[in-house]
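Here is how the chains run, residue by residue.
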Amino acid sequence: MSAAEAATPREGVVVLDFGSQYNQLIARRVRQLGVYCQILPHNAPVGELAARKPEAVILSGGPASVLDPDAPWLDERVLELGVPVLGICYGMQLLAAMLGGRVQKAEAREYGPALVSVDEEAGLFVGCSRELSVWMSHGDQVERLPGGF
């Protein structure tokens, strides 16, 4: 990255769409925080994504399994943009698979409300309640995190 590129301010968040029915909800929640947000297809050219100079990228969920040979994938160069990347559902499983973790089929599909317990108020969880009500819908699970996670 050149000095001029480094000096250019970054703007907003980009949600990469992997087919989730919640993409609009994710983007709306980001916007409610006063942050500009756009949704792009998961296979948008990395140059187009980089030209938007996002402050962060969110990988959405979707109906696919990272274990399927024809599953949608992420161009690895997205991870080289120098911005935080948050994976939600399929997006999280995809990051785990790409970065050396292990994803496997769950014994049973899970669908519905769940509670997440926040052990440490840090990073994304600063200012959050100790228990968060979330929605889950998945058939795969991350069995082993990638190194450094």
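Basis of the calculations
- Residues numbered from 1 in each chain as written.
- Predicted model: local features only at pLDDT ≥ 70, side-chain atom pairs only at ≥ 80, totals over all residues.
- Heavy atoms only, no water.
- Helix = DSSP H or I, 4+ residues; strand = E, 2+ residues; numbered from the N terminus.
- Rg over C-alpha atoms; globule rule 2.2 N^0.38 Å.
- Polar contact = N/O pair within 3.5 Å; in protein donor to acceptor, adjacent residues only side chain to side chain.
- Contact = heavy atoms within 4.5 Å.
- Pairing = 2+ DSSP bridges.
- Axes fitted to C-alpha atoms, helices over the stretch in contact; angles between N-to-C directions.

A. Region of the structure containing the overall build of the protein. Helices and strands together make up the secondary structure of the protein, namely four helices and six strands. Moving toward the C terminus, one meets the helices and strands of the protein in the order α-β-α-β-α-β-β-α-β-β. Computed over C-alpha atoms, the radius of gyration of the protein comes to 16 Å, within 12% of the 15 Å expected from 2.2 N^0.38 for 149 residues, which places it in the range of a compact globule. Along the three orthogonal principal directions, the C-alpha set of the protein runs to about 50 × 40 × 30 Å.

B. Molecular detail of the side chain of N23. Looking at where N23 falls in the secondary structure, it is placed in helix α2 (residues 23–32). Polar contacts involving the side chain of N23 include one to the side chain of D17, which spans 2.5 Å. Here S20 takes part through its backbone oxygen, which lies 3.1 Å from a polar atom of the side chain of N23. The contact partners of N23, leaving out residues within four places of it in the chain, are V15, D17, I39 and S60.

C. Structural detail: the sheet that holds strand β2 (residues 37–41). A sheet is described by the order of its strands in space; here four strands give the open sequence β2-β1-β3-β4, paired in parallel fashion. The outermost strands of the open sheet, each flanked by one partner alone, are β2 and β4 (85–87). Mean inter-strand twist for the sheet, computed between neighbouring axes without regard to direction, equals 20 degrees. Relative to β4, strand β3 (residues 56–59) is paired through three bridges, and the arrangement is parallel. Each residue of the ladder has a partner; that of L59, found in β4, is G87.

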